[in-house]
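# Fold and contact review
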Amino acid sequence: AQSVTQPDIHITVSEGASLELRCNYSYGATPYLFWYVQSPGQGLQLLLKYFSGDTLVQGIKGFEAEFKRSQSSFNLRKPSVHWSDAAEYFCAVAPNSGYSTLTFGKGTMLLVSP
Amino acid sequence: DTGVSQNPRHKITKRGQNVTFRCDPISEHNRLYWYRQTLGQGPEFLTYFQNEAQLEKSRLLSDRFSAERPKGSFSTLEIQRTEQGDSAMYLCASSSLVQPGIHNSPLHFGNGTRLTVT
């Protein structure tokens, strides 16, 4: 069964600084990979996804993620964080056989300091 | 595109009562999913429908839980004899199946129904 590990429960970043959120997955083959963001009391919004091809994926709101097969990782990055980026971020995986369900990590809460 | 709509936003109920939640997916989406999210955790898959057919159920979906999508449009999730452990955010999502065996459109989530069982 697939699983997702987000090792950081909380991360605090100064506004304007760069950000990297870690995600490691366990799956027998290359899965589909996703990053979602959730603001308090809200549903999840898709930031970006990786299915195949270029391992550096661009998403919305200036986010990008890099798939590294050798490390089973799909880390999320942003070069300059804005206060509005404060939220909880979830990494998720799905089978690459035409996915029907997502398996989520436990999330990383991003706090942005002035 | 009005997005995925869930009602109610909040539900407080006493242990042992039954509750029902509704989800209205994006109109052209034929797949509908239910997830549960507890505090400090990521969403956990419960079940999903393709049109009106319920294709997969998680082992998390105990006998007290039932989901329906009778006309392939909106869906309901009912919890019977609620327990305090059922307290969670229940999220609905929808997507389009483009072609069998090919990846779907990404899941679009609603804002959830927060259930509190006292």
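Coordinates for the structure precede this section.
In what follows, the accompanying structure is described. The model shown is predicted, which means the values in this text are computed figures rather than measured ones.

Turning next to the overall build of chain B. When its secondary structure is counted, chain B shows 0 helices and 11 strands. Scaling as 2.2 N^0.38, a compact globule of 118 residues should have a C-alpha radius of gyration of about 13 Å, and chain B matches this with 14 Å. Principal axes of the C-alpha set define a box for chain B whose edges measure 45 × 30 × 25 Å. Across the 118 residues in chain B, those meeting the buried criterion constitute 47%. In chain B, the proportion of contacts linking residues at least 24 apart, taken out of those at least 6 apart, comes to 54%. Charged side chains of chain B number 14 positive and 11 negative; the gap between the two group centres comes to 6 Å.

Residues and elements named next belong to chain B. A sheet is described by the order of its strands in space; here 4 strands give the open sequence S1-S3-S8-S7, paired in antiparallel fashion. Sheet topology places strand S1 (5–7) and strand S7 (65–68) at the edges, where each strand pairs with a single neighbour. When the angles between neighbouring strand axes are averaged without regard to direction, this sheet yields 15 degrees. As paired strands, S7 and strand S8 (residues 75–79) are joined by 4 bridges and run antiparallel to one another. Its bridge partner being in S8, Phe65 is matched across the sheet by Ile79.

Turning our attention to unusual backbone geometry. The step from Asn7 of chain B to Pro8 of chain B runs through a cis peptide bond, and the omega angle for that step is -5 degrees. Here Pro8 of chain B shows up in the loop between S1 and strand S2 (10–13). Here Lys61 of chain A, not a glycine, exhibits a phi torsion of approximately 60 degrees, which is positive. By the secondary structure assignment, Lys61 of chain A is in the loop between strand S7 (56–58) and strand S8 (64–68). The backbone phi angle of Arg81 of chain B is positive, close to 50 degrees, even though this residue is not glycine. Checked against the element boundaries, Arg81 of chain B lands in the loop between S8 and strand S9 (88–95).

Accessible area lost on assembly of the parts is the figure often given for the size of an interface. Listed per partner, the contact involves 20 residues of chain A and 23 residues of chain B. Summing both partners gives a buried area of about 1700 Å² for chain A against chain B, and 55% of it is carried by carbon and sulfur. Taken together, the connections running from chain A to chain B amount to 0 salt bridges. Joining chain A to chain B, the criterion identifies 4 residue pairs in polar contact (both at pLDDT 80 or more). Secondary structure elements with two or more residues in the side of chain A that touches chain B: strand S5 (32–38) and strand S6 (44–50) of chain A. Of the residues in the side of chain A that touches chain B, the class split is 9 nonpolar, 9 polar and 2 charged.

Cut-offs and rules
- Here, residues in each chain are numbered from 1, in the same order as that chain's written sequence.
- To read the labels, note that chains go from A and ligands from 1, taken in the order they are written.
- Residues qualify for local features only when their pLDDT is at least 70, as the model is predicted, and side-chain atom pairs are given and counted only at 80 or more; totals for whole chains, interfaces and linings, by contrast, use all residues.
- Excluding hydrogens and water, the side-chain figures rest on all heavy atoms present in the structure.
- Helix numbers and strand numbers start at the N terminus; a helix is a DSSP run of H or I with at least 4 residues, a strand a run of E with at least 2.
- Based on C-alpha atoms, the radius of gyration is set beside the globule rule, defined as 2.2 Å times the residue count to the power 0.38.
- Burial classification: accessible surface area is computed with a 1.4 Å probe over protein chains only, and a residue below 20% of its type maximum counts as buried, one above 50% as exposed, and the rest as partly exposed.
- Any two residues having at least one pair of non-hydrogen atoms within 4.5 Å are treated as being in contact.
- None of His or the chain ends enter the tally, which takes Lys and Arg as positive and Asp and Glu as negative.
- Throughout, a charge is located at the NZ atom of Lys, the CZ atom of Arg, the CG atom of Asp or the CD atom of Glu.
- Only strands that DSSP links by at least two bridges are regarded as paired with each other.
- Helix axes are fitted to C-alpha atoms over the stretch in contact, other axes to C-alpha atoms as well, and angles between N-to-C directions run from 0 to 180 degrees.
- The buried area of a pairing is the accessible area, by a 1.4 Å probe, that goes missing from both parts when the two are put together, added over both.
- Think of a salt bridge as a Lys or Arg side-chain nitrogen and an Asp or Glu carboxyl oxygen that are within 4 Å of each other.
- For this analysis, a polar contact is any N or O atom pair within 3.5 Å, provided that within protein one partner can donate a hydrogen and the other can accept it, and provided that sequence-adjacent residues contribute only side-chain to side-chain pairs.
- Residues are grouped as follows: Ala, Val, Leu, Ile, Met, Phe, Trp, Tyr, Cys and Pro are nonpolar; Asp, Glu, Lys and Arg are charged; all remaining types, including Gly, are polar.

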